[in-house]
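# Observations on chain architecture
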Amino acid sequence: MSSDYVEVRVALQRRVRRRRPWLEAAQTPFRDDAPMVGPPKTTAADFEMPRLRRCPFDLDSMVWEARMGGGLDGYVWKVRFGTQGPFVLKVFWDAQPVDFPTYYAPQRECQNAALLQMMQTAVEQAAAASRPILVNPKPTTWDDAIANLAAFSDEARLKQPSPADQGSGPPQEGFCQISTMPRVKKCYGWLTIPGTIFRELHWTLRPPPVQVDRIKRYLTPDQEYIAIVYEYVEEGENDPETMQKAMDFFWLAGFSCAFSPLLRNWKSGVLVDLSDIVPPRGYGWQEKLYKDGPESAHVLLKQPLPAGPVRARACT
Ligand SMILES: Nc1ncnc2c1ncn2[C@@H]1O[C@H](COP(=O)(O)OP(=O)(O)O)[C@@H](O)[C@H]1O
Ligand SMILES: [Mg+2]
């Protein structure tokens, strides 16, 4: 084969890929083979390319307890591992990225779960070392979102003077300090599920096909699927103030909301579907969904807006 021919093919492939940014985005690694034991690393590089660690639980010890339902991205079960649990297992419909202009669901959720876990660790370390996480309190652009995300990293926190150096005055002018995190659903890492496993389940536990708009989603025995293990979030009222604090935090930390956020993805004031937020470097992050501030819990709950300023503050 002449090298001219190869060059032409490579150039063509590049052009085709350039016209399909969703396929290119899906190539960014999002899984880490290290087991999820102990806190995650929180360097700037980890925040730039978040990768979720592997679930250390033994798949052979998993007991399927009940089906919980499914949506656009995957199907969800209540499970146990040995005597531990309950947990939630979310199996993603798409074993591979599909050539369609949309996000790759396992990638978005792995990135989000990894980022939220890193942020939680960063908030704890910032409090322990008294080196605050300082963010722009009114981010509107992609650059603002990226800068706020970076503020959680070890490098950014180390640049902040500790109170011993600066006295315990208010945070640097123009910035606000993130010192707490809303409750986010705990993640225990990713695993792979061989599709043959579903054949062995009692019919009441097998994943049914799910129709979403005009798309039928199903799992087949001949594929290996990506799954994530999460904390089981109990049924409970969605208190608007608790939800708003979480929404404010996601916005300040750089996440945009997804195109069509859904109330059924919230339980007990906790976001249970991590595909509803988009990380700043993720496919589908949109300035037009970001620039006007956080989502409104009252709007999602279809409640009248409270009097006074609409937005709660996630900063201290
Ligand atoms: N960690 C969890 N705890 C409790 N319920 C959950 C949890 N994760 C998902 N669910 C339930 O399962 C449903 C489907 O899961 P979800 O993550 O929203 O799937 P999809 O991304 O396909 O919409 C949710 O609407 C919710 O009712
Ligand atoms: Mg959902």
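Figured I'd write up the structure that's included with this text. Source: prediction; values computed, not measured.

This part covers the overall build of the chain. The helix and strand inventory of the chain stands at ten helices and 15 strands. Once the C-alpha set of the chain is aligned to its principal axes, its extents read approximately 60 × 60 × 40 Å. Counted over contacts in the chain with a minimum sequence separation of 6, partners at least 24 positions apart contribute 69%.

The element strand E11 (residues 224-231) is largely enclosed, with a buried count of six among its eight residues. Of the pairings in the sheet, the one linking strand E5 (residues 84-92) to E11 comprises five bridges and is antiparallel in character. Paired with Val 91 across the bridge in E11 is Ala 227. For strand E8 (residues 187-194) and E11, the ladder comprises seven bridges, and the chain directions are antiparallel.

With that out of the way, let us pick up helix H4 (residues 105-129). An α-helical turn contains 3.6 residues, so a residue and the one three or four places further along point in the same direction. The end-to-end C-alpha distance of H4 is 36 Å, a good match for the 36 Å that 25 residues give at a rise of 1.5 Å each. Within two residues after H4, Ser 130 carries a phi angle of roughly 55 degrees, on the positive side.

Bringing helix H8 (residues 240-252) into the picture now. Here H8 contains 13 residues, and its C-alpha end-to-end distance of 18 Å stays within 8% of the 18 Å for a straight helix at 1.5 Å per residue. Of all 13 residues in H8, ten are buried, a share of seventy percent or more. Within the span of H8, buried status applies to Met 243, Gln 244, Lys 245, Ala 246, Met 247, Asp 248, Phe 249, Phe 250, Trp 251 and Leu 252. Looking at the residues trailing H8, positive phi occurs at Gly 254, about 105 degrees.

Another aspect to go through is the site of ligand 1. Around ligand 1 there are 21 residues in total, and Gly 71, Asp 73, Val 88, Val 233 and Asp 273 lie nearest to it. Sorting the residues of the shell around ligand 1 by element identifies strand E3 (62-70), strand E4 (74-81), E5 and E11 as the ones contributing at least two each. No other element matches E3, which puts three residues into the shell around ligand 1. Class assignment of the residues belonging to the shell around ligand 1 gives a composition of eight nonpolar, six polar and seven charged.

A cis amide bond links Gly 85 with the next residue in sequence, Pro 86, at an omega value of 5 degrees. Its location among the elements puts Pro 86 in strand E5. We note that Ser 268 has phi near 55 degrees; this positive angle belongs to a residue other than glycine. By secondary structure assignment, the location of Ser 268 is in the loop between strand E13 (266-267) and strand E14 (270-271). Of note in this structure, Lys 302 is not a glycine but carries a positive phi near 55 degrees. In this structure, Lys 302 sits in the segment after helix H10 (297-300).

Okay, the nonpolar core next. Counting 73 residues, the largest nonpolar core has Leu 89, Ala 227 and Val 229 as the members making the most contacts within it. Broken down by element, the residue count for this core peaks at ten residues, all from H4.

Let's shift gears to the environment of Ala 34. Inspection of the secondary structure puts Ala 34 in strand E1 (residues 31-35). Each C-alpha atom, one on Ala 34 and one on Pro 56, is 8.9 Å from the other, the two residues being 22 residues apart in sequence. Excluding anything up to four places from it in sequence, Ala 34 contacts Arg 53 and Arg 54.

Among the structural elements, Asp 33 can be located in strand E1. Linking Asp 33 and Asn 265, residues 232 residues apart in sequence, is a C-alpha distance of 28 Å.

So, on to the environment of Leu 252. Examined against the element boundaries, Leu 252 turns out to sit in helix H8. Assessed through the 26 C-beta atoms surrounding it within 10 Å, Leu 252 is described here as buried. For Leu 252 and Pro 207, which are 45 residues apart along the polypeptide, the C-alpha to C-alpha distance reads 37 Å.

Analysis parameters
- Residues numbered from 1 in each chain as written.
- Chains lettered and ligands numbered in written order.
- Predicted model: local features only at pLDDT ≥ 70, side-chain atom pairs only at ≥ 80, totals over all residues.
- Helix = DSSP H or I, 4+ residues; strand = E, 2+ residues; numbered from the N terminus.
- Contact = placed C-beta atoms within 7 Å.
- Buried ≥ 20, exposed ≤ 12 C-beta atoms within 10 Å, placed from the backbone.
- Pairing = 2+ DSSP bridges.
- Expected span 1.5 Å × (residues − 1).
- Near = placed C-beta within 6 Å.
- Nonpolar A, V, L, I, M, F, W, Y, C, P; charged D, E, K, R; others polar.
- Core = buried A, V, L, I, M, F, W, Y, C linked by C-beta atoms within 7 Å.

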